[in-house]
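Residue-level structural notes
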Amino acid sequence: MKVMRLLSSLKHDESERGIFHLGRALVKNGHTSIIISSANDDNDLVKRLERDGNIYHQLHMYKKSWLSLLQVAPLRHLIEQYNPDIIHVHSRTPAWILHLALRRARVKRRPKLVSTMYGFYSINKYSQALLDVDTIITVSDSVTNYLRKGLQREDIDSKVIKRIYRGVDTRRYPYRHNPSVYWLRRTFAEYPELEHKKWLVFPTVIGNEYGQEWLIDILGNLQEQFPNIHAIIMDEDHRDGDVAHEDFRQRTHALELADRITYVGSKRNDMREWLSAANIVMALANEPESIGINALQAIHLGTPVVGWDQAAFSEILQPLYPQGLVKKYSAQALCKVVKSQLESVTRPEMTDKFTMREMIKETIEVYQSLYDELQAEEQALLKAHSLKRSKKHLKAINKPVIESIHKKPEVTKVELLKKSPKAMGDAKVVIKKTDNTNKKEVDNNR
């Protein structure tokens, strides 16, 4: 089985899409894994892919860029070169390029197409290319429900939808992992205000949809009961021109809460250490979350998570850590749950759900199902072609026999031709072959 996957970039794939683990699993099981993305060939992620046995090609399929249309012909060439059985697209721009490339592709048979919806994409013309496939993979039940409602609203035919949750690599995020002493000492040296504090880690950047303003309610209402409470935000301490960031900074200074917040930056490679060292990881997005990968990672590390009872956070916390769910969308309900967690320190139990292994297994099952369909269709076409040839051959053999059966028998016609004015006895009898019954015609010249 040959599987080709198209991506705009590789930067989110390790945590959300499992692109490396999936490629390694395909190669390990004897399949061919072809990955096409915009990363340069000398990129460390590309070298990692090739080291695992994947075939990599670079095509600049940038999101929402007209220049990406220049890649239609090169992609068509790659499809003709490898003749893949399955093509998996991970975003909308590559999906459009794929459909354009397939229009004139000279391939033996059309490959099966798979797409993944990673969020609540608008069901419109731009997203249509993700929908015109054989199977759509969604990352949560929330996205599945949203997609089904959108298809009904737009009067689009129902699609084959398979929900596959994003998974966590349990080897990289083992249960009850503890940061090293070296990491702690370095962190306290860089951020001395964090020592001897209870950490509330906000594992994302500041934005209108991420819910950082709820930290102000938590710190303001609980600082007297928990004097050592401290919020850690994975963002820069200043961003020019960012209204949401500036508004949050001004509010924290006005309420004298700025000294209870530390910004550690967004471009970090030690997220695991921060999540495992936290007392609570906050999942406070105002907009419905489709994946919630940071909350998943924290749960697998054994760190308590507090989040709203909606979308992906609800789907994660309900089976794994229900005491972290905030049922009501209010500051009072949120502070009550945070207070309970700081007092009781109840950690999530070890789980085998939402793992990378499970995600890879289910994804390969989708590939295998489509590959089996492709093989069955090819067998049906071969059978139909063979039957047609057999009928044509039998018709050619039986044609002379059928013609001889239906041919009319020859008959004899007798004519009396008058050569001279003689009597009847002198008449000459001439025998002719006709198609009628035997008949004698006597011409008497009287």
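Keep in mind that what you see is a predicted model, and the values were worked out from it rather than measured.

1. Here's the deal with the nonpolar core
Judged by nonpolar contacts, the single largest core of 65 residues is most densely connected at Met4, Leu6, Leu75, Leu98, Met117 and Trp274. If you tally residues by element for this core, the top one is helix H12 (residues 293–301), at 6 residues. If you look at the next biggest cluster of nonpolar residues, it comprises 29 residues, including Leu222, Phe248, Met282 and Ala333.

2. Looking at a negative patch on the surface
A surface patch of negative charge is lined by Asp41, Asp42, Asp44 and Glu50. Within the secondary structure layout, Asp44 lies in helix H3 (residues 44–51).

3. Describing the pattern of salt bridges
Inspection of the entire model under this criterion finds 15 salt bridges. Residues Arg106 and Glu80 are paired through a salt bridge, measuring 3.9 Å at the closest nitrogen-oxygen approach. Within this pair, whereas Arg106 is found in the loop between helix H5 (92–102) and strand E5 (112–117), its partner Glu80 is found in helix H4 (residues 72–82), the two being separated by 26 residues in sequence. Assessed through its relative accessible area of 68%, Arg106 is described here as exposed. For Asp270, the salt bridge is made with Arg268, and the minimal N-O distance between the two is 2.9 Å. Residue Asp270 is classed as buried on the basis of its relative accessible area, which comes to 7%. By relative accessible area, Arg268 is classed as partly exposed at 28%.

4. A short note on unusual backbone geometry
The backbone of Ala311 shows a phi angle near 50°, a positive value even though the residue is not glycine. With respect to the helices and strands, Ala311 occurs in helix H13 (residues 311–320). Here Ala311 falls in the buried class, since its relative accessible area comes to 15%. Positive phi, normally seen in glycine, also occurs at Phe354, with a value near 55°. Mapping Phe354 onto the fold places it in the loop between helix H14 (331–344) and helix H15 (356–406). The class for Phe354 is buried, based on a relative accessible area of 7%.

5. Observations regarding the packing of aromatic side chains
In the structure shown here, the tally under the stated rule is 9 aromatic pairs. Seen from their ring centres, Trp183 and Trp274 are 5.1 Å apart, and the 80° between their planes marks the pair as edge-to-face. Taken together, the residues span a long stretch of sequence, with Trp183 in helix H8 (residues 181–190) and Trp274 in helix H11 (residues 271–277) at a distance of 91 residues. Assessed through its relative accessible area of 4%, Trp183 is described here as buried. Taking relative accessible area as the criterion, Trp274 reaches 0% and is therefore assigned buried. Centre to centre, the rings of Trp214 and Tyr329 are 5.3 Å apart; their planes meet at 75°, and the pair counts as edge-to-face. Here Tyr329 lies in the loop between strand E13 (325–326) and H14 and Trp214 lies in helix H9 (residues 214–222), a separation of 115 residues in the sequence. The class for Trp214 is buried, based on a relative accessible area of 12%. Chaining the aromatic ring pairs together yields one cluster made of Trp183, Phe188, Tyr191, Trp199 and Trp274.

Procedures and definitions
Residues numbered from 1 in each chain as written. Predicted model: local features only at pLDDT ≥ 70, side-chain atom pairs only at ≥ 80, totals over all residues. Heavy atoms only, no water. Core = buried A, V, L, I, M, F, W, Y, C linked by side-chain atoms within 4.5 Å. Buried < 20%, exposed > 50% of the residue type's maximum accessible area, 1.4 Å probe, protein only. Helix = DSSP H or I, 4+ residues; strand = E, 2+ residues; numbered from the N terminus. Patch = residues over 30% accessible without salt bridge, like charges linked within 9 Å, V, L, I, M, F, W, Y side chains within 5 Å. Areas by Shrake-Rupley, 256 points an atom, 1.4 Å probe, with all protein chains shown as cover. Salt bridge = Lys/Arg side-chain N within 4 Å of Asp/Glu carboxyl O. Lys, Arg positive; Asp, Glu negative; His and termini not counted. Charge placed at Lys NZ, Arg CZ, Asp CG, Glu CD. Phe/Tyr/Trp six-rings, centres within 6.5 Å; stacked < 30°, edge-to-face > 60°.

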